[in-house]
Amino acid sequence: MKSYTPSNAVQQLPEQFFAKLVNKLRTHQDKGHDVLNLGQGNPDQPTPDHIVKSLQEAAEKPLYHKYPPFHGFEFLKEAVATFYKREYDVDLDPETEVAILPGSKTGLVELSQCFLNPGDVALMPDPGYPDYWSGVAMMGATMEPMPLKREHDFLPDYDSISQKTWEKSKLMFLNYPNNPTGAVADRAFFEKTIQEADRHDVCVIHDFAYGAIGFDGVKPISFLQVPGAKDVGVEIYTMSKSYNMAGWRIAFAVGNRSVIETLEKIQDHYFCSIFGAEQEAAATALLASQECVDDLRQTYESRRDLLVGGLKDLQYEVQPCHGSFFVWLKVPGSYTSESFADDLLEKVGLFVAPGIGFGSHGEGYVRIGLNNSEETLKDALRRFEDFKNGS
Ligand SMILES: Cc1ncc(COP(=O)(O)O)c(C=O)c1O
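The notes below deal with the structure included here.

## Observations regarding helix α14 (residues 337-348)
Relative to the 16 Å expected for 12 residues at 1.5 Å per residue, α14 spans 16 Å between its end C-alpha atoms, a close match to the ideal helical length. Of the residues one or two after α14, Gly349 is the one with positive phi, at around 65 degrees.

## Points about the sheet that holds strand β2 (residues 98-101)
A sheet is described by the order of its strands in space; here 7 strands give the open sequence β2-β8-β7-β6-β5-β3-β4, paired in mixed fashion. Here the strands that pair on one side only, and so sit at the sheet edges, are β2 and β4 (142-147). For this sheet, the mean inter-axis angle between neighbouring strands, taken without regard to orientation, is 20 degrees. The pairing of β2 with strand β8 (residues 251-255) spans 4 bridges and is classified as antiparallel. Within β8, the position partnered with Ala99 by the bridge is Ala253.

## Describing the packing of helix α5 (residues 104-115) against helix α6 (residues 131-138)
Viewed as axis vectors pointing N to C, α5 and α6 meet at an angle of 30 degrees, and their least axial separation amounts to 8 Å. Taken together, the axis directions place α5 and α6 in an arrangement best described as roughly parallel. For α5 against α6, the interelement crossing comes out right-handed. Residue-level inspection shows Lys105, Leu108, Val109, Ser112 and Gln113 of α5 in contact with α6, the latter providing Asp131, Tyr132, Ser134, Gly135, Val136 and Met138. The residue makeup of the contact of α5 with α6, split by class, is 5 nonpolar, 4 polar and 2 charged.

## Some remarks on the packing of helix α2 (residues 17-30) against α14
Viewed as axis vectors pointing N to C, α2 and α14 meet at an angle of 25 degrees, and their least axial separation amounts to 11 Å. Regarding the angle of α2 to α14, the classification is roughly parallel. In the packing of α2 onto α14, the handedness of the crossing is right-handed. Of the residues in α14, those in contact with Lys20, Lys24 and His28 of α2 are Glu338, Asp342, Leu345 and Glu346. In terms of residue class, the contact of α2 with α14 is built from 1 nonpolar, 1 polar and 5 charged.

## Considerations on the site of the ligand
Close to the ligand lie 14 residues, the nearest being Ser104, Asp207, Thr238, Ser240 and Arg249. Lys105 has a polar backbone atom sitting 2.9 Å from an oxygen atom of the ligand. Within the side chain of Asn179, one N or O atom sits 2.8 Å away from an oxygen atom of the ligand. Counting only elements with at least two residues in the shell around the ligand, the list comes to α5 and α10 (239-242).

## Points about the sheet that holds strand β9 (residues 326-330)
A sheet is described by the order of its strands in space; here 3 strands give the open sequence β9-β12-β11, paired in antiparallel fashion. Only two strands of the sheet have a single neighbouring strand rather than two, namely β9 and β11 (353-354). Bridging between β9 and strand β12 (residues 365-369) involves 5 bridges; their strand directions are antiparallel. Paired with Lys330 across the bridge in β12 is Tyr365.

## Observations regarding the environment of Glu317
Tracing the backbone shows Glu317 in the loop between α13 (291-313) and β9. Distance in space between the C-alpha atoms of Glu317 and Tyr365 is 9.9 Å, their sequence separation being 48 residues. Discounting residues that sit within four places of it in the chain, Glu317 has contacts with Leu329 and Lys330.

## Thoughts on the packing of aromatic side chains
Considering all chains together, one arrives at 30 aromatic pairs under this definition. Between Phe83 and Tyr88 the ring centres are 6.3 Å apart and the planes differ by 80 degrees, which places this aromatic pair in the edge-to-face class. Just as Phe83 is buried, Tyr88 falls in that class too. A ring pair is formed by Tyr316 and Phe384, whose centres lie 5.3 Å apart and whose planes are at 70 degrees; its orientation type is edge-to-face. Of this pair, Tyr316 sits in the loop between α13 and β9 while Phe384 sits in helix α15 (residues 374-388), placing them 68 residues apart in sequence. On the accessibility criterion, Tyr316 (6% relative accessible area) is buried. Note on Phe384: relative accessible area 0%, which makes it buried. Sitting above the plane of the Tyr365 ring, Lys330 keeps its charged end 5.0 Å from the centroid. A cation over an aromatic ring shows up here: Arg367 above the ring of Phe326, its NZ or CZ 3.9 Å from the ring centre.

Thresholds, definitions, all that
Residues numbered from 1 in each chain as written. Predicted model: local features only at pLDDT ≥ 70, side-chain atom pairs only at ≥ 80, totals over all residues. Heavy atoms only, no water. Helix = DSSP H or I, 4+ residues; strand = E, 2+ residues; numbered from the N terminus. Expected span 1.5 Å × (residues − 1). Pairing = 2+ DSSP bridges. Axes fitted to C-alpha atoms, helices over the stretch in contact; angles between N-to-C directions. Parallel < 35°, antiparallel > 145°, perpendicular 65-115°, else oblique. Left-handed = near helix turned anticlockwise from the far one by under 90°. Contact = heavy atoms within 4.5 Å. Nonpolar A, V, L, I, M, F, W, Y, C, P; charged D, E, K, R; others polar. Near = heavy atom within 4 Å. Polar contact = N/O pair within 3.5 Å; in protein donor to acceptor, adjacent residues only side chain to side chain. Phe/Tyr/Trp six-rings, centres within 6.5 Å; stacked < 30°, edge-to-face > 60°. Buried < 20%, exposed > 50% of the residue type's maximum accessible area, 1.4 Å probe, protein only. Lys NZ or Arg CZ within 6 Å of the ring centre and 35° of its normal.

Given below as structure tokens:
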């Protein structure tokens, strides 16, 4: 059989970190080991019933058996605008300031395809969600890491970016509540972001995947709540985390008109939007009571308290995360993030994500998911204790 050479664009793609991670887990499980998987970001609970029912009913409507409108149904864009007004007091024009995406992972790759040329620079949070890298690499552009350090509350320090780098930069990726560090951003940080983006002509892409998951009574701020944000960028909001809809593949981008227009243009060539019944169920999720989202947030907060409290009791160096569903744990002693993760897996069957997989500034940490029941987390704590005691 012939073997065909992939295009340069495909050859430029980085190794998919999560795919590699999952392979490691599978290999270990295939050997018959009992493993607790705390390494991935897949919500563990089902989609709330009223959303599933909405999909079931809508699936019977012949309207949805035809091709949907290219840019999605107007009712969904209107629901997105109503959601943003209700949750964040942000005004959006559904027609020009909302784009429907088949999951934010896809939208994030498309945005690089929309705006980057070879030689351009994309400013990248480090550590950060690895899927931002894919589109940048595919376009032959370069990534300039913005280190997220504990002493700077895991926010980038814009003053340390050189004038030369600013000049070459076209895009900046941000993500608060943050995966993997669990940090949240405040208004002052977004104000500074808007000033810098405006001054240097950089388009900001704020990934608000964990927007619904903020702890200690603090609701995470939307980038678009800050005046001027729409002039310099967009926010990406996924249904995956807030409504446990990761398998449904639906998200949206909101904000700057020229970015929305370009995204919709590229999507005209890739897709014909998403199954209409799913769009109706997504609108139900956004418009119905948000009690399920409150319950979810509280569940993650209780899990955080349990895990962080337990790890502190065991003398691990860990801070409570302020949002997202990840705990960012400092690796003990002379371990690297990978050697610590490997040892946890080998010795006590605990699977966590090594920080190095999120960028070089993730070294020294591992990421632990709160997307596991309290029972599982208690079992994890017992295993951390066994590990500490040298088993
Ligand atoms: C920060 C961040 N952005 C985006 C995504 C992807 O979300 P989606 O399911 O919408 O593709 C994830 C998923 O883990 C994430 O952690």
